[in-house]
Amino acid sequence: MSDQPLMIAIDGPSGTGKSSVSKAVARALGVGYLDTGAMYRALTWWCLDQGIDLSDQAAVAREAASYPLEMGTDPAAPSVSVGGRAIDAQIREGRITAAVSQVATNLQVRALMRDKQHALMQQIASATGGVVAEGRDITTVVAPDAQVRILMTASEEARMARRSKELAVEAESTRSQIVDRDRIDSTVSQFHTAADGVVTVDTTTLNFEESVEAVLAIARGAGSD
Ligand SMILES: Nc1ncnc2c1ncn2[C@@H]1O[C@H](COP(=O)(O)OP(=O)(O)OP(=O)(O)O)[C@@H](O)[C@H]1O
Ligand SMILES: Nc1ccn([C@H]2C[C@H](O)[C@@H](COP(=O)(O)O)O2)c(=O)n1
């Protein structure tokens, strides 16, 4: 068994269970958790708060280089603050979900985020003995050398049903924030098919606990190599 910190990278489309499963896996392993989507959401919130036009790519990239972000990476209580202001609820608002792809498809922003997220993963792993990081390009761009790389998938119907249950709305009304957002986000990241060496976990017919167990089984296998 290696004594290197365990790096687990999880990617996949919206609503597959990445965030909820990653937090549970990190708690089970006693390691830190990084929600990289929250970093894009926080930048979107910050730019709108500063009155920056999201279509001005250079202006948004300048903010990406300097926005005062603090990520709380305890999987039992993850948090997001900018400039000392907690914005955990704000970044989940519909207006941010609708706007975040415009920021996430800005290639200058992505290059900065890649470096920031890679550095954060290293810091968290050194501090806690490991990290579970999830997003769209963690297995391929941010941490392609992670010991465990997983693509989490689920059918479109399952993802829409999960989101509609979570938000207590009709499944069809979640289509834009699931399917349309994925279509835009996938113009800059490849998260629909597994890259070489990435293991696919299809959660369509799994319940939440089974999804967590599927990831833990892969992590245990990697830890015993
Ligand atoms: N295997 C599962 N079976 C049923 N529901 C699940 C399963 N995994 C997650 N869920 C539920 O589905 C919803 C969406 O999960 P989650 O937010 O973790 O997805 P996500 O992939 O991180 O989405 P996004 O990328 O849009 O943030 C949550 O309410 C979660 O509890
Ligand atoms: N590594 C990442 C993480 C997230 N994104 C984009 C995709 C989403 O539109 C947005 C918010 O992510 P979510 O909180 O819904 O998981 O950020 C990305 O491009 N790369």
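Only a predicted model underlies this, so the values are computations on that prediction, with no experimental measurement involved.

1. What to know about the sheet that holds strand β6 (residues 130-135)
Step number 1: Ordered by their spatial adjacency, five strands build an open sheet running β2-β6-β1-β7-β8, and the pairing between neighbours is parallel. Unpaired on one side and paired on the other, β2 (32-35) and β8 (199-202) mark the two borders of the sheet. This sheet shows a mean twist of 20 degrees between the axes of neighbouring strands, independent of strand direction.
Step number 2: Pairing between β2 and β6: four bridges, direction parallel. Within β6, the residue paired with Leu-34 across the bridge is Ala-133.
Step number 3: Each of β2 and β6 is contacted by helix α2 (residues 36-49), which is oriented at about 45 degrees to β2, the strand it contacts most.

2. Considerations on the packing of aromatic side chains
Step number 1: Taken as a whole, this structure holds zero aromatic pairs when the rule is applied.
Step number 2: The ring of Phe-191 carries the charged tip of Arg-136 above its face, separated from the ring centre by 5.6 Å.

3. Some thoughts on the nonpolar core
Step number 1: Judged by nonpolar contacts, the single largest core of 41 residues is most densely connected at Leu-43, Tyr-67, Val-109 and Met-121.
Step number 2: Ranked by the residues each element gives to this core, the list is headed by α2, at eight residues.
Step number 3: Those residues within four positions of Met-121 in sequence are excluded, and the remaining contacts are Met-7, Leu-34, Val-131, Ala-133, Ile-138, Val-142 and Ala-143.
Step number 4: Residues Ala-26, Tyr-33, Val-148 and Ala-222 belong to the second largest nonpolar core, which totals 17 residues.

4. Notes on the site of ligand 2
Step number 1: Around ligand 2 sit 15 residues in total, of which Arg-41, Arg-110, Asp-137, Arg-181 and Asp-185 are the nearest.
Step number 2: One of the side-chain N or O atoms of Asp-137 is found 2.8 Å from a nitrogen atom in ligand 2.
Step number 3: Contact between ligand 2 and Arg-181: an oxygen atom at 2.8 Å from a side-chain N or O atom of the residue.
Step number 4: Taken by itself ligand 2 offers 450 Å² of open surface, and the protein chains cover 96% of this.
Step number 5: Contributions of two or more residues to the shell around ligand 2 are made by α2, α4 (94-104) and α8 (175-185).
Step number 6: Counting residues per element, the shell around ligand 2 draws most heavily on α2, at four residues.

5. Digging into the site of ligand 1
Step number 1: Lining the immediate environment of ligand 1, one finds 17 residues, of which Ser-14, Lys-18, Ser-19, Ser-20 and Arg-163 sit closest.
Step number 2: Within the contact set of ligand 1, a nitrogen atom lies 3.1 Å away from a backbone nitrogen or oxygen of Leu-206.
Step number 3: Within the side chain of Ser-211, an N or O atom sits 2.8 Å from a nitrogen atom of ligand 1.
Step number 4: Protein coverage of the free-state accessible area of ligand 1, which is 640 Å², stands at 80%.

6. Regarding the sheet that holds strand β4 (residues 79-82)
Step number 1: Pairing within the open sheet is antiparallel, and its three strands lie in the order β3-β4-β5. Looking at the sheet topology across the chains shown, the edges are occupied by β3 (69-72) and β5 (85-86).
Step number 2: Bridging between β3 and β4 involves four bridges; their strand directions are antiparallel. By the bridge assignment, Glu-70 is partnered in β4 with Ser-81.

7. Some remarks on the UniProt feature "binding site: ATP" (unreviewed entry) in the protein
Step number 1: UniProt feature "binding site: ATP" (unreviewed entry): in the numbering of this structure it lies at Gly-12, Pro-13, Ser-14, Gly-15, Thr-16, Gly-17, Lys-18, Ser-19 and Ser-20.
Step number 2: The residue Gly-17 is located in the loop between β1 (6-11) and α1 (18-29) in this model.
Step number 3: For Gly-17, a relative accessible area of 17% gives the class buried.
Step number 4: If sequence neighbours within four positions are ignored, Gly-17 has contacts with Ser-22, Met-152 and Arg-162.
Step number 5: With respect to the element layout, Ser-20 can be found in helix α1.
Step number 6: On the accessibility criterion, Ser-20 (35% relative accessible area) is partly exposed.

Cut-offs applied
Residues numbered from 1 in each chain as written. Chains lettered and ligands numbered in written order. Predicted model: local features only at pLDDT ≥ 70, side-chain atom pairs only at ≥ 80, totals over all residues. Heavy atoms only, no water. Pairing = 2+ DSSP bridges. Helix = DSSP H or I, 4+ residues; strand = E, 2+ residues; numbered from the N terminus. Axes fitted to C-alpha atoms, helices over the stretch in contact; angles between N-to-C directions. Contact = heavy atoms within 4.5 Å. Phe/Tyr/Trp six-rings, centres within 6.5 Å; stacked < 30°, edge-to-face > 60°. Lys NZ or Arg CZ within 6 Å of the ring centre and 35° of its normal. Core = buried A, V, L, I, M, F, W, Y, C linked by side-chain atoms within 4.5 Å. Buried < 20%, exposed > 50% of the residue type's maximum accessible area, 1.4 Å probe, protein only. Near = heavy atom within 4 Å. Polar contact = N/O pair within 3.5 Å; in protein donor to acceptor, adjacent residues only side chain to side chain. Areas by Shrake-Rupley, 256 points an atom, 1.4 Å probe, with all protein chains shown as cover. UniProt positions renumbered as here; feature names shortened; annotations may be inferred.

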